[in-house]
Amino acid sequence: SQYLVLDTGFAVSSATLSTIINMLSLSMVVAGFAVGRWGKNARSDVLLIAGTLAAMVVLLLFEASRSLGWIYVAGIFGGVSEVLIAAASYSIVSSLIPPERRATLFGLFNATLFLSWGGSATLIAGPLVDSLVRAGRSELVAYRASYIVGLAITGAGLVMLLAQVRTAAFRKRLSSAS
């Protein structure tokens, strides 16, 4: 992340950046085993909500951290978030797609899911950071602003998810697929 290597921020070396990213990867492996073992007994909507909350913790920690230790903690939450969201979303989508259309619609789901990861940085965070820097803000402030915007967008998504989960039709579809 450019944010972590900024001279005005944490100014981490390549080796430290690799360690931070490896913390995320390690937490994905551990969380993957845990979700594989115990997640089948949990409701998919609860896993998705937990994954979204973990993602929000990552954004909050990246914005608020003034100590590198909290960035490592954010990496752990990031790995947990990715695993929970992936496991829950596939389970939810499989319960919503009729069996006769799963091949086509899962292909579309996968394309949409993976495109969404780069789209937010390309279409929202990048232009926001660039515009703030052009307006005279420091890079550090600009990156932190992008995390706040990401937190707001993720929070809005969580509100929509919670509204959807509360509907009887959604709960019925999830329970009938189990």
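Not measured: the values here are computed from a predicted model.

Caption draft 1: Focus on the packing of helix 2 (residues 14-38) against helix 4 (residues 68-96). Orientation of helix 2 relative to helix 4, taken along the N-to-C sense of each, is 40 degrees, at an axis distance of 7 Å. Remark: the crossing between helix 2 and helix 4 carries right-handed chirality. Counting all contacts with helix 2, which are made through Thr16, Thr19, Ile20, Met23, Leu24, Ser27, Met28, Ala31, Gly32 and Val35, the residues of helix 4 involved are Leu68, Ile71, Tyr72, Gly75, Ile76, Gly78, Gly79, Val80, Glu82, Val83, Leu84 and Ala87. Of the residues belonging to the contact of helix 2 with helix 4, the class tally is 14 nonpolar, 7 polar and 1 charged.

Caption draft 2: Focus on helix 2. An ideal rise of 1.5 Å per residue puts 36 Å on 25 residues; helix 2 measures up with 36 Å between its terminal C-alpha atoms. Within helix 2, burial applies to Leu17, Ile20, Ser27, Ala31 and Val35. Tucked into the core, helix 2 has its buried residues touching helix 1 (2-5) and helix 4.

About the criteria used
Residues numbered from 1 in each chain as written. Predicted model: local features only at pLDDT ≥ 70, side-chain atom pairs only at ≥ 80, totals over all residues. Heavy atoms only, no water. Axes fitted to C-alpha atoms, helices over the stretch in contact; angles between N-to-C directions. Helix = DSSP H or I, 4+ residues; strand = E, 2+ residues; numbered from the N terminus. Left-handed = near helix turned anticlockwise from the far one by under 90°. Contact = heavy atoms within 4.5 Å. Nonpolar A, V, L, I, M, F, W, Y, C, P; charged D, E, K, R; others polar. Expected span 1.5 Å × (residues − 1). Buried < 20%, exposed > 50% of the residue type's maximum accessible area, 1.4 Å probe, protein only.

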